[in-house]
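Coordinates in review
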There are 2 protein chains.
Amino acid sequence: MSAPLASWNDTPTKTAIVDFVQRTTTEGSADYLAPNDRIAVFDNDGTLWTEQPAYNQLLFAIDRLKALAPDHPEWKDDPALGAILSGDMAAFGKTGMKGIFTLVAATHAGISTEDFGKIVRDWIATAKHPVYKRPYPATPFEPMLELLDYLRANGYITFIVSGGGVEFMRAFTQEAYGVPPQQVIGSTGKTEFKVVDGAPVLVKLPELDAINDGPGKPVGIDKFLGRRPVMAFGNSDGDLEMLQYTAAGDGARFMALVHHDDAEREAAYDKGSPIGALDKALTEANERGWTVISMKDDWNSIFPD
Amino acid sequence: MSAPLASWNDTPTKTAIVDFVQRTTTEGSADYLAPNDRIAVFDNDGTLWTEQPAYNQLLFAIDRLKALAPDHPEWKDDPALGAILSGDMAAFGKTGMKGIFTLVAATHAGISTEDFGKIVRDWIATAKHPVYKRPYPATPFEPMLELLDYLRANGYITFIVSGGGVEFMRAFTQEAYGVPPQQVIGSTGKTEFKVVDGAPVLVKLPELDAINDGPGKPVGIDKFLGRRPVMAFGNSDGDLEMLQYTAAGDGARFMALVHHDDAEREAAYDKGSPIGALDKALTEANERGWTVISMKDDWNSIFPD
């Protein structure tokens, strides 16, 4: 193993992280936290791995739609699905949230949660990211992988709290991030307990249960985790309420935003970006002294070798 | 610490548990499980602690209703709440599920999840069980506490999967069972992210989100845990689907029911009991060779000293 946080430059950001972890894990320190209270939450898209040019789950859904299309000739007449199948992503974009739901219902429902997990694992193992030309397990940010390891080595329990679908993420978070399925909080669809071919399974229904984004993130944290985190990492306005909720707890707290300001090595975007817009949360971070991680200045490496 | 499973007699039940744990944790064994796959789920009411003469959460709700009643003169005109306040539990019983929901809405909503947790902790610390005349933290079954410890000592991750309210249970599961909040799956109400007195909190709404009982148990397990357990312990027909779901996984599995057959030391009930009826699940356990734990024969002690 390399030194902890080897891909982080010796900037105030790294110092702030190390200082916080030392203060909260040194017995006798005023900020000491018992191991059970060391809870760190991480957004996924844009925080642990890239979300450009599109959410990876959307890229998965498009691949899956194309794979299933031969059995569904009716899809070409649907405004959203037809647009994707003919490669007209601008037309798909115009179908908005309704189009997204249609795509998710067509590609994420009607099968058991376990069969769905297998399909995601197969895709992750074989597909390549369209821009970075790497297999997906090699697209997480190396400094964030080191941060997860560093926190766990110091007794922190690491959770993912993402707007992504919970079953999609659970198919790869153990291997990619060392985060087991029960520490992944995401958007959920309804499921039904059903005996299929003699075996009881959970069947994914084409119906939303909870959207884990914006104010939905603290709702999800409270439902799954049952208490406030002490560290929270995000990168967009969809993470603002999660950071506010974390900040409002008693005792030492650490809130941070990953700022994508590295067009050369990954991407540069914040306010006004169609994906992962960072505007209000950046203003609030600056006002309240939360940590803003500059990919350009704070990280000496972006992707794993 | 006393010997593992000291309150368990040397019966085939204890042998079956020890044998299963040894087979699944000995490297090289055909049934070996990696630590991350060692997931054991436990029902709470009737499995880890007593559910007679009524669910402890119902006893809490009644105490809470009485404490709040002076500020709510209108409650005495409500069929369910008025019946409780006048001590007429038979009349309350006749109001059925509607009465239960009215009671839960009156006593479990309108405050933040954290304030609610404090109220439960205060109650748990001061109230006494009406039959066993013990503080609630002393009402769990000693053999089950030993079993939880024994499994964790062998690398198992222990989860509670109960029909009880998730916030009610999370207020005491760490202290009572050594199970942290994030390993408690229960029935949930809806919550709302809201800034109250300048601080963001989750406010409990008088609206159901999910009932974690019967087929709701595998649904909850899949949503929170993301995979099948390998060991499952219950005591009533409400646990049947959880045991079926566990049994249907690949590889070694262990399913067990706690059978309340000890009228002298705790209670004797199964089919036809108004609380914790055990009928279909007992038949299926006997047919399929699942373990049936006899409190009378398998346990030499019921409650902690």
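Values in this document were obtained by computation on a predicted structure and should not be read as measured data.

Details of the overall build of chain A
Secondary structure summary: chain A contains 13 helices and seven strands in total. Taken against the 2.2 N^0.38 rule, which gives 19 Å for 305 residues, the C-alpha radius of gyration of chain A at 20 Å falls within 12% of a compact globule. Its C-alpha atoms put chain A at 65 × 45 × 35 Å along the principal axes. Taken over 305 residues, chain A has a buried fraction of 57%. At a minimum sequence separation of 6, the contacts of chain A that also span at least 24 residues come to 66%. Total accessible area on chain A is roughly 12700 Å²; 53% of this is exposed by carbon and sulfur atoms. Within chain A, one finds 28 positive and 43 negative side-chain charges whose respective centroids are separated by 2 Å.

Structural notes on the pairing of strand 6 (residues 254–259) of chain B
Residue and element names in this part refer to chain B. Most of strand 6 sits inside the fold, with six of its six residues counted as buried. Burial of the side chains of strand 6 extends over both faces: Phe-254, Ala-256 and Val-258 are buried on one face and Met-255, Leu-257 and His-259 on the other. Bridge count between strand 5 (residues 231–234) and strand 6: four bridges; the pairing is parallel. Its bridge partner lying in strand 6, Gly-234 is registered against Leu-257. In this fold, the crossover linking strand 5 to strand 6 by way of helix 11 (residues 240–247) has right-handed handedness. Relative to strand 7 (residues 291–294), strand 6 runs parallel, the two being bridged by four bridges. Within the sheet, the bridge partner assigned to His-259 lies in strand 7 and is Ser-294. One crossover worth recording links strand 6 to the parallel strand 7 by way of helix 12 (residues 280–288), and it is right-handed.

Digging into the sheet that holds strand 6 of chain B
Residue and element names in this part refer to chain B. If you walk across this open sheet you meet the seven strands as 4-3-2-1-5-6-7, and the pairing is mixed. Edge positions in the open sheet fall to strand 4 (199–210) and strand 7, since each of these has one partner strand only. Each strand of the sheet is rotated relative to its neighbour by a mean of 35°, with strand direction disregarded. In this structure, strand 1 (residues 39–42) lies alongside strand 2 (residues 157–165), joined through four bridges in parallel fashion. For Phe-42, the partnering residue across the bridge sits in strand 2 and is Ile-160. The strands touched by helix 1 (residues 12–25) are strand 5, strand 6 and strand 7; relative to strand 7, the strand with the most contacts, the crossing angle is about 130°.

Quick word on the relation of the copies chain B and chain A
Mapping chain B onto chain A is achieved by rotating through 180° and translating by 0.0 Å along the same axis, at an RMSD of 0.0 Å. The two molecules are tied by a two-fold rotation axis, judged by turn and shift. Relative to the rotation axis, the C-alpha of Phe-224 of chain B is the closest in chain B, positioned 3.4 Å from it. Mapped onto chain A, 100% of the interface residues of chain B again fall at the interface, so both copies present the same surface.

Side note on the packing of helix 1 of chain B against helix 7 (residues 142–153) of chain B
Residue and element names in this part refer to chain B. Here helix 1 crosses helix 7 at 15°, and the two axes come no closer than 11 Å. Compared by their axis directions, helix 1 and helix 7 come out roughly parallel. Like other packed secondary-structure pairs, helix 1 and helix 7 cross with a definite hand, here right-handed. In this structure, helix 1 uses Ile-17, Val-18 and Val-21 to contact helix 7, whose residues at the interface are Leu-147, Tyr-150 and Leu-151.

Rules and cut-offs
- Here the residue index of a chain counts from 1 through its sequence in written order.
- Whichever chain is written first becomes A and whichever ligand is written first becomes 1, with later ones labelled in order.
- Thresholds applied to this predicted model are a pLDDT of at least 70 for local features of residues and 80 or more for the giving and counting of side-chain atom pairs; totals over whole chains, interfaces and linings are not thresholded and use all residues.
- Note: side-chain values were computed over all heavy atoms of the structure, leaving out hydrogens and water.
- Numbering goes from the N terminus for both helices and strands, where a helix is a DSSP run of H or I of at least four residues and a strand is a run of E of at least two.
- In this description the radius of gyration comes from C-alpha coordinates, and the expected globular size is given by 2.2 Å times residues to the power 0.38.
- The cut-offs for exposure are 20% and 50% of the maximum accessible area for each residue type, with area from a 1.4 Å probe on protein chains only; residues under the lower value are buried, those over the upper are exposed, and the others partly exposed.
- Contacts between residues were defined by any pair of non-hydrogen atoms, one from each residue, lying within 4.5 Å.
- Only the protein chains shown count as cover for residues, with accessible areas throughout obtained via the Shrake-Rupley method and a probe of 1.4 Å.
- By the counting scheme adopted, Arg and Lys are positive, Glu and Asp are negative, and His together with the chain ends is not counted.
- Taken as the charge centre is NZ of Lys, CZ of Arg, CG of Asp or CD of Glu, depending on the residue.
- Being paired, for any two strands, means DSSP has found at least two bridges between them.
- If you view a crossover with the strands going away from you and the path from the first strand over the helix to the second runs clockwise, you call it right-handed.
- Only the stretch in contact is used when fitting a helix axis, every axis being a line fitted to C-alpha atoms; angles between N-to-C directions are given from 0 to 180 degrees.
- Alignment of copies: least-squares fit on C-alpha atoms of residues with pLDDT of at least 70 in both copies.
- For classification purposes, an angle smaller than 35 degrees is called roughly parallel, one larger than 145 roughly antiparallel, one from 65 to 115 roughly perpendicular, and anything else oblique.
- Handedness of a helix crossing follows the sense of rotation of the near helix relative to the far helix, less than a right angle counterclockwise being left-handed and clockwise being right-handed.

By themselves, these figures tell us nothing about what the structure is for.
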